[in-house]
Amino acid sequence: MKLDKIMIVDDSATSRMIIKRCFQMAGYQDSTFIEAEDGLKALSNLNRNAVDLVVTDLNMPKMDGATFIKKLRLIDKTKQLPVLIVSSMGNERLETELEDKDVMGILRKPLTPEKVTDVVGE
Amino acid sequence: MREVTKEQAKAALLRATQNTLGEMAFIDVIEAEEQRDFETGQLLFIEFYKPVRGRLLLALPLEIKREIVENIHAADWDELSVNEIDDCLLELLNVLGGNFLRELEQKDVKVHLSFPTVLFSLEEIPDLDSFWKFSFDAEGNPFTTSLALHEEEA
C-alpha cells in the first residue's frame, strides 16, 4: 500500500512515537507523519492537509476515536479516507460496528511492525 | 461477575506484564521467587470498568523505571523531559491494563479503562489492604503490581 502521508492520532506522545516507529520498521520509512493528540485537532489538521491513512486510538480526551471516525465519514473530503485503529480497548463488537465505517482493522497495543504489515502490507 | 481467584488474577497479570514489557520495552519478566523490598521510584494507577471493575497499581523501582523509558524511547534518561517520562510510563500502564483484562477473560472482550495517573504516595489509596499484591522480577530487579477487583458489575 502506498502511503506518502500518515496521520497518527493519539493523546500519548509515547504511543505516537511507537506507532510511527512501527510503520517505519514495516517499510514506511519514507512516509511523512503528521501527529494530532485528539480527534478535534486531527479534524482541524485534515482540513489543511490531505493524508493517505489515519491511524487513531480510541480512548482520547476531548473527542474519542469512535466519534472522530464518525465525523470523518460525514465530510466529503475524508469520507473514503482509510482508517486504522490502534488501541488497548478494541473488541469484536466494536470492530464490527466500525467496519461499517470502512475501518481497515483494529490493532491491539502494544503495536509491532508485524501487526502493521499484516494489515497494511509492506 | 464471575468469581476470579487470586491465582487466576496472578496468572493473567503475569502474562499481560510479560507481553507488555517484552513488546514495548524489550524487558523479560518472570514471577518473583520471593518478595523483595525495594525503594519505589514510580507509582502508577489505573481503574477499569469492563469486563470487570477494579483497580491496578504498578510500583517500580528507579532501575526498572529508567530501563523501561530508555528502551521505549531509545534514548538516554538525561535526554528525556519529565513529561516524556511520565507519558511513557502512563502509556505502558494503559497497555498493561488492557492486556490484563483480555488475559483474565481469555478472549477478545470489550475493555473500558480510565486514563492512567501518576500517584505520589500510597496514602492516596485509602483501602490498600484490599489489594492483592503480586511480586515480579524484571531481569533481576523486583517490582510489584497490586490489584483490587470489585464485586458489583459495571
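Our structure is the block above this text.
Keep in mind it's a predicted model, so treat the numbers as computed, not measured. The numbers attached to residues start from 1 for each chain and follow its sequence in the written order. Each chain is given a letter, starting from A, and each ligand a number, starting from 1, according to the order in which they appear as written. Owing to the predicted nature of the model, reporting of local features is limited to residues with pLDDT of at least 70; listing and counting of side-chain atom pairs is limited to 80 or more, with chain, interface and lining totals taken over all residues. Values shown for side chains rest on all heavy atoms present in the structure; no hydrogens or waters enter the calculation.

1. Remarks on the interface of chain B and chain A
Okay, step 1: We call two residues in contact when some of their heavy atoms are within 4.5 Å. Contact residues are listed per partner, giving 24 residues for chain B and 22 residues for chain A.
Okay, step 2: Together chain B and chain A conceal approximately 1,800 Å² of surface at their shared face, both sides included; 49% is due to carbon and sulfur atoms.
Okay, step 3: Note on definitions: buried area is the accessible-area loss of two parts on being combined, 1.4 Å probe, summed for both. Three residues, Glu-91, Asp-108 and Phe-115 of chain B, lead the burial of chain B against chain A; their summed loss comes to 28% of the area buried on that side.
Okay, step 4: By definition, a salt bridge exists where a carboxyl oxygen of Asp or Glu is found within 4 Å of a side-chain nitrogen of Lys or Arg. Linking chain B with chain A are one salt bridge.
Okay, step 5: Here Glu-91 of chain B ties to Lys-109 of chain A by a salt bridge, and the two come within 2.9 Å at their closest N and O atoms.
Okay, step 6: Two N or O atoms form a polar contact when they lie within 3.5 Å of each other; inside protein one atom must be a possible hydrogen donor and the other a possible acceptor, and for residues adjacent in sequence the pair counts only when both atoms belong to side chains. One can count nine residue pairs in polar contact (both at pLDDT 80 or more) joining chain B with chain A.
Okay, step 7: Elements supplying a minimum of two residues to the side of chain B that touches chain A: helix H1 (6-25), helix H2 (62-73), helix H3 (82-105) and strand S4 (112-113) of chain B.
Okay, step 8: Sorting elements by how many residues they give to the side of chain B that touches chain A places H3 of chain B first, with nine residues.
Okay, step 9: Amino acid classes used here: Ala, Val, Leu, Ile, Met, Phe, Trp, Tyr, Cys and Pro are nonpolar; Asp, Glu, Lys and Arg are charged; the rest, including Gly, are polar. When its residues are assigned to classes, the side of chain B that touches chain A shows nine nonpolar, eight polar and seven charged. Elements are defined by DSSP. Helices are runs of H or I of four residues or more, strands are runs of E of two residues or more, and each kind is numbered from the N terminus.

2. Side note on the sheet that holds strand S1 (residues 5-9) of chain A
Residue and element names in this part refer to chain A.
Okay, step 1: One open sheet accounts for five strands, arranged S2-S1-S3-S4-S5; its pairing is parallel. Whereas interior strands pair on both sides, the edge strands pair on one side only; in this sheet they are strand S2 (32-36) and strand S5 (103-108). Each strand axis lies, on average, 20° off the axis of its neighbour in the sheet, ignoring direction.
Okay, step 2: Strand pairing follows a simple DSSP-based rule, namely that at least 2 bridges must link the two strands. With five bridges joining them, S1 and S2 adopt parallel strand pairing. The axes used here are C-alpha line fits, helices contributing only the stretch in contact, and every angle between their N-to-C directions lies in the interval 0 to 180 degrees.

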